[in-house]
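Read off the chains here:
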There are 2 protein chains.
Amino acid sequence: MSVNIVIDTLGGDNGAPAAVKGAVNGLQQNKDVKLILTGRKKELDQLLSEYTYDKDRLEVIDCAEEITCHDAPVEAIKTKKDSSLVVGLNLVKEGKADAFISAGSSGAVLAGGSLIIGRAKGVKRTPLAPLLPTTEGMKLLIDCGANVDAKPEVLVQFAKMGSIYMQNVMGIKKPRVAIVNIGTEEEKGNALVKETFPLLKACKSINFVGSIESREIPFGKADVILTEAFVGNVVLKLYEGLSKMILKEIKKAMMSTVKSKIGALMIKKSLKKTLSNFNASNKGGAPLLGLKHGLLVKVHGNSKDEEFSSAVLQCKNFVNTNVSGKIIEGLAEEGTVTE
Amino acid sequence: MSVNIVIDTLGGDNGAPAAVKGAVNGLQQNKDVKLILTGRKKELDQLLSEYTYDKDRLEVIDCAEEITCHDAPVEAIKTKKDSSLVVGLNLVKEGKADAFISAGSSGAVLAGGSLIIGRAKGVKRTPLAPLLPTTEGMKLLIDCGANVDAKPEVLVQFAKMGSIYMQNVMGIKKPRVAIVNIGTEEEKGNALVKETFPLLKACKSINFVGSIESREIPFGKADVILTEAFVGNVVLKLYEGLSKMILKEIKKAMMSTVKSKIGALMIKKSLKKTLSNFNASNKGGAPLLGLKHGLLVKVHGNSKDEEFSSAVLQCKNFVNTNVSGKIIEGLAEEGTVTE
């Protein structure tokens, strides 16, 4: 079965060139995929003319508008009807596409997911759930989206969605769910964590292992790292910033003397392998879970072509394993569907 | 003027040996310092017998009890009157010591600060404020203490205390204060940040520069990184865990082949210099700001002798520059002293 994926070519820091290159590579790497690019047709046709690709599997839809990070998200979704983002999401809504990839404004992408596609029945909030590199492989951080100050019952639902995701996409049998906390004792935490903790403990469909302190996150002590979106956002961005800073400083140290430069050349190959584990670009983007149908993947604002082509593969796998459907089923079985 | 400092030799992961070695080194490095060790006299005398030091400047006080991280903090402070922690804090309370250093349970150290020494007049909460290594030098993260779910006016006071600290201890003229947020636009954030933001903007005694996303923290984009304690704790511990993980992985990569091992030897010296910047052990501990008098410094639970001797120097400087007094003065001038 062919999977139809829309790529929003606007809104990312690297513009249409990165999206187009990523699209063409994604098309070549995945023979069972069809792509639709939304954006400025003239620019896209020109960029595409430089590549050889299967024209039957790539379509361009012209959009007159662009949503940027300066636009108020909800307002932009409601008014910029001919933007690459809104047009793309409507294709998913109408069932003309299975998945949507965007490097655009997080706020607008998240708002668009809720307003245009809509939440699945019974889903209280739609969390954004990126994978973090750890010494024990990629682990799911849920939520980093727009649901700041979430309620305890919302976090419990996120824990279930995250578990289903890790089971089906990453193949982990009984994913360990832990809540981000400032200590490992049950009585520790802020009001939200203290209220959520007993609910998680009582939840039979997840493998809740208690609290996780942030210092343990990089060592893979949990498969589903559960937290409210504000803290999740802080964790995600600090992961990114601190890795970047440390690697930059180490590189600087290696380039500081003639001797160290020679040494750097000798460890280059071994180091490159290690560093690729920290490179999120070959892992795709963060899916927005709990949508009514289809899939929405937010890739990093500064995504290069590699992120886009990885996201194409990610979407294909996601659609083929029917994770969205399994999340809806899983929540329904749980009796959490109350609407 | 001689500075009297108490060192709690119990409660840390490395026990009395680390504290004693750090104390002896601290004594040798700072001729104008007197130390009082609280703990098990028999053990301490035995450990001390292996060192040569100025006996007139070091006193041991025998304590029968120990507060561990398994004790409920407030309960422990109230009942374990003969613990090394309570005895030490009482020395500060009674004016017999100027400062107190402990690697013991954070909760108990923080509770002890408030319950035994007490908050200065007008101080709403006492924040724990460690320094974080960044590419632009050490920056203050405030608060990482016990005040989770803090109120906006409490955060504003923390911003003022942090500014006074960075001005007087780190010599920064107009410290840039930024609040940790999930975006840089003013309308972004959770309820607490949205409420606090305009109060910070209106505060004339600080140099408020707006929001800081966590990815910018390692690049020193603010001198005072303001946040509520839950998020502060997550930032601090992720800083620690992620640095450790990345350095461990890089070391592993360097040791993976014969060629990379030779390369590693050649870059060792340059790398060591860089890595020492990430090493918090030579920076002392985190002071608890806003106490009635005296100084309380919490060093890491797994502190080695180096942390203890750095904290001795830190306490001396802190007492000599009278930062505690300046914080009290600064807050009073501001008209925030309402009690």
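Refer to the structure printed above.
Being a predicted model, the structure only gives us computed values, none of them experimental.

## So, unusual backbone geometry
Where the residue is not glycine, phi is negative for most of them; where a peptide bond is considered, it is trans in most cases. Residues and elements named next belong to chain A. Of note, the amide linkage connecting I142 to D143 takes the cis form, showing an omega dihedral of 25 degrees. Secondary-structure assignment places D143 in the loop between β6 (137–142) and α6 (152–168). Phi angles above zero are rare outside glycine, and N322 is one such case at about 55 degrees. Counting through the fold element by element, N322 comes out in the loop between α10 (305–320) and α11 (323–333). When its relative accessible area of 38% is taken as the criterion, N322 is described as partly exposed.

## Quick look at the pairing of strand β4 (residues 99–102) of chain B
Residues and elements named next belong to chain B. Neither face of β4 is exposed, since A99 and I101 on one face and F100 and S102 on the opposite face are all buried. Looking at chain direction, strand β1 (residues 3–8) and β4 are connected through 3 bridges and run parallel. Note on β4: the bridge partner recorded for I5 is A99. Of the pairings in the sheet, the one linking β4 to strand β11 (residues 295–298) comprises 4 bridges and is parallel in character. What sits directly across from I101, in β11, is V297.

## What about the nonpolar core?
Most often, soluble globular proteins keep nonpolar side chains buried together rather than apart. Core analysis: the biggest nonpolar cluster contains 176 residues, and A:I101 and B:I101 have the highest contact counts within it. Not counting chain neighbours up to four residues away, the residues in contact with B:I101 comprise B:I5, B:V6, B:I7, B:D8, B:V297, B:V299, B:F308, B:A311, B:V312 and B:C315.

## Here we look at the sheet that holds β1(B)
Residues and elements named next belong to chain B. Strand order across the open sheet formed by 6 strands is β3-β2-β1-β4-β11-β10, with mixed pairing between neighbours. At either end of the open sheet lies a strand with only one pairing partner, and these are β3 (58–62) and β10 (286–288). This sheet shows a mean twist of 25 degrees between the axes of neighbouring strands, independent of strand direction. Summarising the sheet, β10 and β11 pair through 3 bridges and their orientation is antiparallel. Residue pairing in the sheet places P287 in a bridge with V297 of β11. In this fold helix α5 (residues 106–117) packs onto β4, β10 and β11, with an angle of close to 170 degrees to the strand it touches most, β11.

## Quick word on the packing of aromatic side chains
Residues and elements named next belong to chain A. Summed over all chains, the structure comprises 4 aromatic pairs over all chains. Ring centres of Y165 and F318 lie 5.6 Å apart, and the angle between their planes is 50 degrees; on these two criteria the pair is classed as tilted. Residue Y165 is found in helix α6, and its partner F318 is found in helix α10; the two are separated by 153 residues along the sequence. Look at F318 and you get buried, because its relative accessible area is 3%.

## Here's the deal with a positive patch on the surface
Residues and elements named next belong to chain A. Together, K78, K81, K93 and K292 give the surface a local cluster of positive charge. Checked against the element boundaries, K81 lands in the loop between α3 (73–79) and α4 (84–93). K81 sits in the exposed class, given a relative accessible area of 55%.

## Description of the relation of the copies chain B and chain A
Turning chain B through 180 degrees and shifting it by 0.0 Å along the axis lays it on chain A, with an RMSD of 0.0 Å. The operation mapping one copy onto its partner corresponds to a two-fold rotation axis. Closest approach to the rotation axis within chain B is made by the C-alpha atom of B:G263, at a distance of 1.9 Å. Taken together, the interface assignments show that 100% of the residues at the interface of chain B recur at the interface of chain A, consistent with an identical surface on both copies.

## So, the sheet that holds strand β7 (residues 176–181) of chain A
Residue and element names in this part refer to chain A. Ordered in space as β5-β6-β9-β7-β8, the 5 strands form an open sheet in which the pairing is mixed. Either end of the sheet is taken by a strand with one partner, and the two such strands are β5 (131–134) and β8 (207–213). When the angles between neighbouring strand axes are averaged without regard to direction, this sheet yields 30 degrees. Its contacts with the sheet put helix α8 (residues 229–254) on β5, β6 and β7, and the angle it makes with β5 is roughly 50 degrees.

## Some thoughts on the environment of A:G285
In this structure, A:G285 sits in the loop between α9 (258–278) and β10 (286–288). Considering only alpha carbons, one finds A:G285 and A:K273, 12 residues apart in sequence, at a separation of 21 Å.

## Focus on the pattern of salt bridges
Tallied over the full model, the rule gives 28 salt bridges over all chains. We note a salt bridge from B:R40 to B:E43, for which the minimum N-O separation is 3.8 Å. Its relative accessible area of 37% is what places B:R40 among the partly exposed residues. Its relative accessible area of 29% is what places B:E43 among the partly exposed residues. Through salt bridges with shared partners, one network takes in A:E213, A:R215, B:K237 and B:E240.

## Topic: the packing of α8(A) against helix α8 (residues 229–254) of chain B
Two numbers describe how α8(A) lies on α8(B): the axes approach to 9 Å, and their chain directions differ by 40 degrees. Looking at the two axes, α8(A) sits oblique to α8(B). When the axes of α8(A) and α8(B) are compared, the crossing they make is right-handed. In the contact of α8(A) with α8(B), the residues fall into 24 nonpolar, 2 polar and no charged.

## Examining the interface of chain B and chain A
Contacts between the two partners involve 54 residues from chain B, matched on the other side by 54 residues from chain A. Of the roughly 5,000 Å² buried where chain B meets chain A, counting both sides, 75% is carbon and sulfur surface. Applying the counting rule to chain B against chain A returns 4 salt bridges. Applying the counting rule to chain B against chain A returns 16 residue pairs in polar contact (both at pLDDT 80 or more). Elements with a minimum of two residues in the side of chain B that touches chain A: β5 (131–134), β7 (176–181), α7 (191–201), α8 and α9 (258–278) of chain B. The residue inventory of the side of chain B that touches chain A, partitioned by class, reads 28 nonpolar, 16 polar and 10 charged.

## Concerning helix α2 (residues 41–48) of chain A
All names here are of chain A. Residues L44, L47 and L48 constitute the buried set of α2. Down the axis of α2, the buried set is contained in an arc of 95 degrees. They therefore lie on one face. Opposite the buried face of α2, by more than 90 degrees, sit the exposed residues K42 and Q46. Those residues of α2 that are buried are in contact with α1 (15–29), β2 (33–39) and β3 (58–62).

## Points about the side chain of A:T227
By the element assignment, A:T227 lies in the loop between β9 (224–226) and α8. Not counting residues within four places of it along the chain, the set of residues in contact with A:T227 comprises A:L141, A:I142, A:D143, A:L155, A:V180 and A:G232.

## Digging into helix α1 (residues 15–29) of chain B
Residues and elements named next belong to chain B. Given a rise of 1.5 Å per residue, 15 residues ought to cover 21 Å, and the 22 Å separating the end C-alpha atoms of α1 matches this to within 8%. Of the positions making up α1, those classed as buried are A16, A18, A19, V20, G22, A23, V24, G26 and L27. Residues of α1 that are buried make contact with β1, β2 (33–39), α2 (41–48), β3 and α10 (305–320).

Calculation rules
- Residues numbered from 1 in each chain as written.
- Chains lettered and ligands numbered in written order.
- Predicted model: local features only at pLDDT ≥ 70, side-chain atom pairs only at ≥ 80, totals over all residues.
- Heavy atoms only, no water.
- Helix = DSSP H or I, 4+ residues; strand = E, 2+ residues; numbered from the N terminus.
- Buried < 20%, exposed > 50% of the residue type's maximum accessible area, 1.4 Å probe, protein only.
- Pairing = 2+ DSSP bridges.
- Core = buried A, V, L, I, M, F, W, Y, C linked by side-chain atoms within 4.5 Å.
- Contact = heavy atoms within 4.5 Å.
- Axes fitted to C-alpha atoms, helices over the stretch in contact; angles between N-to-C directions.
- Phe/Tyr/Trp six-rings, centres within 6.5 Å; stacked < 30°, edge-to-face > 60°.
- Patch = residues over 30% accessible without salt bridge, like charges linked within 9 Å, V, L, I, M, F, W, Y side chains within 5 Å.
- Areas by Shrake-Rupley, 256 points an atom, 1.4 Å probe, with all protein chains shown as cover.
- Salt bridge = Lys/Arg side-chain N within 4 Å of Asp/Glu carboxyl O.
- Lys, Arg positive; Asp, Glu negative; His and termini not counted.
- Charge placed at Lys NZ, Arg CZ, Asp CG, Glu CD.
- Least-squares fit on C-alpha atoms with pLDDT ≥ 70 in both.
- Parallel < 35°, antiparallel > 145°, perpendicular 65-115°, else oblique.
- Left-handed = near helix turned anticlockwise from the far one by under 90°.
- Nonpolar A, V, L, I, M, F, W, Y, C, P; charged D, E, K, R; others polar.
- Buried area = accessible area lost by both parts, 1.4 Å probe.
- Polar contact = N/O pair within 3.5 Å; in protein donor to acceptor, adjacent residues only side chain to side chain.
- Arc of directions from axis to C-beta.
- Expected span 1.5 Å × (residues − 1).

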